[in-house]
Amino acid sequence: MASTAPHRPRARPAHTQGSTHCAYTPDGTKLVTVGSNNTIRLYKTGFDGEPINIDDCQEQNVSVAASNDFFVVGSEDGTVSLYSISNTGFDKFLLRCSLPIRDVALTPDSKWCAVASDELTVKLVRTDDNSKIRHLKEHNKPTKHLAFDTTGASITLACTDGIVYVYSLTSDEPELIKKVDGVIGTLDTESDASAKIAWHPDGRAFAVPTPTRDIQVISKNDWEKQRAFSNGHNGDVTALAWSPNGAILASAGKDNKILLWEAKTQSVVARLDYANVIDIAWHPNNNLASFTNSDGEVYIHQDFVPEQFSSLLKLGKQPAPFIHDPLTEISANIRRPLDIGSRPQPLPERRIRAGSYDSLMDGPLPEDDDFVVDDDGAGYVMNGNGKRTHDDEFDIYGEPLSKRPHLEPEYHEAFQPGSTPWRGNRKYLCLNLIGFVWTVDQDGHNTVTVEFYDHEFHRDFHFTDTFLYDKACLTENGALFSCPPKDDVPATIFYRPHETWTNRTDWRTQLPKGEAVLAMSLSESFVTVTTTANYVRVYTLFGIPYRVYRPKSIPMVTCASWRDYVWTIGNGPVGADGHTRLLYTIENVKRDEICQNDDTVALPEGATLKSVFFSDNGDPCIYDSTGTLLTLLHWRQPSRASWIPLLDTRLLPRLASGRKTETYFPIAVADDKFHCIILKGGDQYPYFPRPLLSEFDFSIPLTSDPPKSKSKSRLTNMDPDAMDEDGTPEPEEEEETRKLEQQYLLKGIAAAQAQDLVDSAAGGHAQRSGLARLELEIDKTLLQYLAIECREGEDRGMRALELVQLMRDRTGRMVEAAGKVAERYGRSVLGEKIREVGERRAGVVDDDDEF
C-alpha cells in the first residue's frame, strides 16, 4: 500500500553550522539564505539546480529581509549590508553598530529598514539614503526581534525584558504608544528560543510565542490577548510564520517538529519532523515554504501543506483569530443582500413603442437622415428612432452618465448605550449609576456578573451564561439581557427582576428567526427592543407584548426609555457628505402620544453619537464624539424641541494647559452633574479593573477659560491703576461674572424643563414648588450680577437696568432689592430707572411684552 505521507524534501547544505535564516522576495522569484559563513545564496524558485553565490560578504549573518530589487543582511559584527538582486553583489553598508545585530526588517514599501541590535536603541535607516536615520529609544532595552505591521505605520519590538513595545511611525519622530506586558518572557539574545513577532496578513493582530510554548494572538486595536495556539509543541518555539492569506500558521520548536495550524480553529492540521529549525518563510503565491536549521541546511518544501488542507491556501485573505471579531459584530452599516426574487433585473433592450408614428411609418424617411448635421455636439441630431440622445447620455456638466459615481450612503452604526466592545475575553454589558454588568468568555459559555453600588438595597450576583448574552440593561427594578441568533437558535430576550412576590421571577422570549437585537432599554414600565428587522418591540415588565411597529427612520441606531416614554433614533436622509442624518422620535407609549416625530439629532459634520440616555429628571441627553453633552428642551411639545449644550469636555479647566490628553466615557446625568469615566492613553472605552466614576459640573460653552496659572501671573505683574484706566476688569471680577452668567443660563434651562413638566399632566405640587424656587434663584443670580455692574461704574448703567428687566418676580420685592443695591453703590440715576420699572410692573401686571 502506498504511503500517504508527503514527499520529504532533501536538505541542502547551504552554509556552515550555525544560525541560518531565509527570506523570499515579495514576487516569489528568489529565496535568499544567509548563515555563519561568508557566502550568501540566491535560489531561483522552480529551479532545482545550484544557487547563485555571493561571496566575500560578512560572516555570522543572523538576519535577512528582502525586497524585489535588493535585500539587507545583519551580522554579528554590527554591520547591516545591502545587496543588489539584479547585480547579485554587494551594494553598500546601510548601517554600522557597536554591538551585534539581532534582527532586520523592511517596511512594505522597502524604503526604510529597521535594525535591532544589543544596543539600547533601534534604528530606522532609509534604504536609498542611509544618512537619514530615525531612533527608537524609549524602550531602553536591547531588542531581539522586530516587525513592521502590514501598513508600515507602526513597528513592534520584542525586547529582552519580556515586554513588547509598539511605536507609531506616522509622524517624523517615532512615538511609543503601547507596552504589551505579560505575553513574552525574558529573552536571551544568544538563545534559539524565539519571541518572533508575526503580523497577520489582515493587519489587525500579530502572533508571538510565549514561555508556555503556546502562540498568543494580540489584537492591534486594544492590544489585548485573543485566541491562542496551545498544546502543540513540547519545546520552546523557535520560528513561526503566517501563510500569505493568513489561513495557516507554521511554527517550529525545539521538540524537532514543524506544526501547521489552521488559524480559524487553532487546531494542528499537520506535524512535520524537522530538527533544529530556526526560520520559516512562505512563498507568496504557491503551496511552498522554505526553512533553515542551525546545521546550516536549507529545505525547500513543495506541497508544504498536505493535500487535504491545501484548499485553505486558495481562499482569500482570512481574518485574524479573534475571540470576538469586531467585523462579525452586528452593525447597521452592513446592509442585507437583496433576495433573489427582489434583485433588480437588467432592463430589456429598448425597442420602439408599438403604435408610435415611427413604428407605423417603418422608421424615419431615409432622405431625412442628413437633414441636420450635429457639427457642434449639442445633441440635437435624432437617432434611428427619431429621438435626441444628448440628454440621455450626458449630465449637465457634459460628463457621461455611465461614468457618474454611485454614492453609497454611510450609515451610523448601531450601538447599545453604556456598553463596550469585546476587549480580549471581557466586555462590559452595561454601565450606569445603578451598577454594572460584565461578562467573561470561557470558551463555550460566558460568566455574567452583576454588581451594584448600593449593597443595602440589592445584592450582587453572577451566573453561568449558556446563551452568550451580549447586551444588558440595569435598573432598580431588574436586569434585562439579550443574545444574538446563532445557527438555528433565534435571538432571546431575558428579564430578571430583583424582587418579586410570586414564584415565577423571570421571563424569556424569542425573536423571529434571523432577527437580532440592535439596542434595547429598560424603564419602570416597559422593555423596548430595536431589531435588525427594523422593528421596535415594546414589552411590559412581565413579558407581555405591548406594541410592535416599524419606525420611519431606518436602519435603527439605538434607543432609550424613561417611565412611559420611548426614545428611538434611526438613520434618516443622506447629507451632502454621504453620511446619513440621524432622526429621533419620542413617544408616550401608554398614552399613545407622539411628543417629537422624526426630528433631527443635532450633530456637527463628521461627528457620531456616543451615548443617549434620560437624566434623573427625565430629560433626553446625548453625548457625541466631539465631547459635547446636550439636552433636549421643550421635548414634550411637538415641533418645539431644541438641543442645548450643557458641557463641552474639550473646554474643561483640567485640559486648559494642553499637556493632558484624555477622553470621557458617558455614564449618566444626575444631580445637575455629568457622570463619566475618564479615559487616558488613547482608550475609547473603559476596561478592567473597573475605573472609578467622575463627575463634572455643567458649563455651557461661552468662552475658553484661560489656565489659572496664567491668570495669577498676569494679576501679579499688571499695574492695577493701568487696568482701571483702560477699563479692563480684573481677573477675579471677570471670573465671577462668567460664573454668574453660567448660573443664569443653567438655571434658566432647569426652569424651562421644570415649566414643561408642570405644563404636562405629569407635573404636581412638588414640581410647581420646585419651579418657583428656581425662578427665585434666577432673580438672586441677576441681583448678584447687578451688584458687579454697579461696582464697575455709572457707564454700565444700561446693562444693569437690563438685568433688572430680566427678573421674573412680579411681586416687586426683587425690583425693590435691586433699587437698594443701586443706592448702596451711589448710582442714583440707575435707582430712579429701577423704580420706574417697579412702578410699571405694579401698574400693569399682565403686560409682560414691554419688559
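See the structure printed just above.
A few points on the structure. Here the structure is a predicted model, which is why all the values come from computation and not from measurement.

1. Some details on the pattern of salt bridges
Consideration 1: Applying the stated criterion to the full structure yields 30 salt bridges.
Consideration 2: Of the charged contacts, one joins Lys123 and Glu119 as a salt bridge, the two residues approaching to 2.6 Å between their closest N and O atoms.
Consideration 3: Judged by relative accessible area, Glu119 falls into the buried class, the value being 14%.
Consideration 4: One network of salt bridges, with partners in common, ties together Glu741, Glu789, Glu792, Arg796 and Arg799.

2. Concerning the sheet that holds strand E5 (residues 52-54)
Consideration 1: What the 4 strands build is an open sheet, ordered E2-E3-E4-E5; its pairing is antiparallel. Edge positions in the sheet fall to strand E2 (21-24) and E5, since each of these pairs with one other strand and no more. For this sheet the average axis-to-axis angle between neighbouring strands, irrespective of direction, equals 20°.
Consideration 2: Bridging between strand E3 (residues 30-34) and strand E4 (residues 40-44) involves 4 bridges; their strand directions are antiparallel. The partner of Lys30 across the bridge, within E4, is Lys44.

3. Some words on the pairing of strand E46 (residues 620-624)
Consideration 1: For E46, the tally of buried residues reaches 5 of 5 residues, placing the bulk of the element in the interior.
Consideration 2: On E46, burial covers both faces: Pro620, Ile622 and Asp624 on one face and Cys621 and Tyr623 on the other are all buried.
Consideration 3: For strand E45 (residues 609-614) and E46, the ladder comprises 5 bridges, and the chain directions are antiparallel. Within E46, the residue paired with Val612 across the bridge is Ile622.
Consideration 4: In this structure, E46 lies alongside strand E47 (residues 628-633), joined through 3 bridges in antiparallel fashion. Bridged to Cys621 within E47 is Thr631.

4. With respect to the packing of helix H6 (residues 765-792) against helix H7 (residues 797-805)
Consideration 1: Here H6 crosses H7 at 170°, and the two axes come no closer than 9 Å. Classed by the angle they form, the pair H6 and H7 counts as roughly antiparallel. Side by side, H6 and H7 meet where Leu782, Tyr785, Leu786 and Glu789 of the first sit next to Arg799, Ala800, Leu803 and Val804 of the second.

5. A closer look at the sheet that holds strand E36 (residues 507-510)
Consideration 1: What the 4 strands build is an open sheet, ordered E33-E34-E35-E36; its pairing is antiparallel. Every other strand in the sheet has two partners, leaving strand E33 (471-474) and E36 as the edge strands with one partner each. Strand after strand, the sheet turns through a mean of 15° between neighbouring axes, direction not considered.
Consideration 2: As judged from the 4 bridges shared by strand E35 (residues 492-497) and E36, these two strands associate in the antiparallel manner. By the bridge assignment for E36, Thr492 is matched with Gln510.

6. A closer look at a negative patch on the surface
Consideration 1: Together, Glu138, Asp172, Glu173 and Glu175 make up a region of like negative charge exposed at the surface.
Consideration 2: Along the polypeptide, Asp172 turns up in the loop between strand E16 (163-168) and strand E17 (175-181).

7. Details of unusual backbone geometry
Consideration 1: The peptide bond linking Ile554 to Pro555 adopts the cis configuration, its omega dihedral lying at 0°.
Consideration 2: Across the junction of Phe688 and Pro689, the peptide omega takes the value -5°, indicating a cis bond.
Consideration 3: One non-glycine residue, Gln266, adopts positive backbone phi at about 55°.
Consideration 4: Locating Gln266 in the fold gives a position in the loop between strand E24 (257-262) and strand E25 (267-273).
Consideration 5: When its relative accessible area of 16% is taken as the criterion, Gln266 is described as buried.

8. Considering the packing of aromatic side chains
Consideration 1: All told, the structure shown has 36 aromatic pairs when counted by the stated rule.
Consideration 2: Here the aromatic rings of Tyr584 and Trp643 are separated by 5.5 Å at their centres, their planes lie at 75°, and the arrangement is edge-to-face. Of the two residues, Tyr584 is situated in strand E43 (residues 580-588) and Trp643 in strand E48 (residues 642-648); the sequence distance between them amounts to 59 residues. Take Tyr584 and Trp643: they sit in the same class, and that class is buried.
Consideration 3: Ring-pair connections join several aromatic residues into one group, and the members of that group are Trp562, Tyr565, Trp567, Tyr584, Phe614, Trp635 and Trp643.
Consideration 4: Note that Arg423 overlies the ring of Tyr687, its terminal NZ or CZ placed 4.4 Å from the centroid.
Consideration 5: When the ring centre of Phe688 is taken as reference, the NZ or CZ atom of Arg426 above it lies at 5.3 Å.

9. Concerning helix H9 (residues 828-843)
Consideration 1: Between its terminal C-alpha atoms H9 stretches 23 Å, which fits the 22 Å expected from 16 residues at 1.5 Å a residue.
Consideration 2: All of the buried residues in H9 are Leu830, Gly831, Ile834, Val837 and Arg841. One face of H9 carries all of its buried residues, which in axial projection span an arc of 120°. H9 presents Ser828, Val829, Glu839, Ala842 and Gly843 as exposed residues on the side facing more than 90 degrees away from its buried surface.
Consideration 3: Residues of H9 that are buried in the fold lie against H6, H7 and helix H8 (813-824).

10. Notes on H8
Consideration 1: Across its 12 residues, H8 extends 17 Å between first and last C-alpha, which sits within 8% of the 16 Å expected from 1.5 Å per residue.
Consideration 2: Every buried residue of H8 is accounted for by Met814, Val815, Ala818, Gly819, Val821 and Ala822. Summarising the axial view, the buried residues of H8 lie within an arc of 160°, below the 170-degree limit, and thus occupy one face. Summarising the geometry of H8, the exposed residues directed more than 90 degrees from the buried face are Arg813, Glu816, Lys820, Glu823 and Arg824.
Consideration 3: Structurally, H8 contributes buried residues whose contacts are with H6, H7 and H9.
Consideration 4: Immediately downstream of H8, the backbone of Gly826 shows phi near 70°, a positive value.

What counts, and where the lines are drawn
Residues numbered from 1 in each chain as written. Predicted model: local features only at pLDDT ≥ 70, side-chain atom pairs only at ≥ 80, totals over all residues. Heavy atoms only, no water. Salt bridge = Lys/Arg side-chain N within 4 Å of Asp/Glu carboxyl O. Buried < 20%, exposed > 50% of the residue type's maximum accessible area, 1.4 Å probe, protein only. Pairing = 2+ DSSP bridges. Helix = DSSP H or I, 4+ residues; strand = E, 2+ residues; numbered from the N terminus. Axes fitted to C-alpha atoms, helices over the stretch in contact; angles between N-to-C directions. Parallel < 35°, antiparallel > 145°, perpendicular 65-115°, else oblique. Contact = heavy atoms within 4.5 Å. Patch = residues over 30% accessible without salt bridge, like charges linked within 9 Å, V, L, I, M, F, W, Y side chains within 5 Å. Areas by Shrake-Rupley, 256 points an atom, 1.4 Å probe, with all protein chains shown as cover. Lys, Arg positive; Asp, Glu negative; His and termini not counted. Charge placed at Lys NZ, Arg CZ, Asp CG, Glu CD. Phe/Tyr/Trp six-rings, centres within 6.5 Å; stacked < 30°, edge-to-face > 60°. Lys NZ or Arg CZ within 6 Å of the ring centre and 35° of its normal. Expected span 1.5 Å × (residues − 1). Arc of directions from axis to C-beta.

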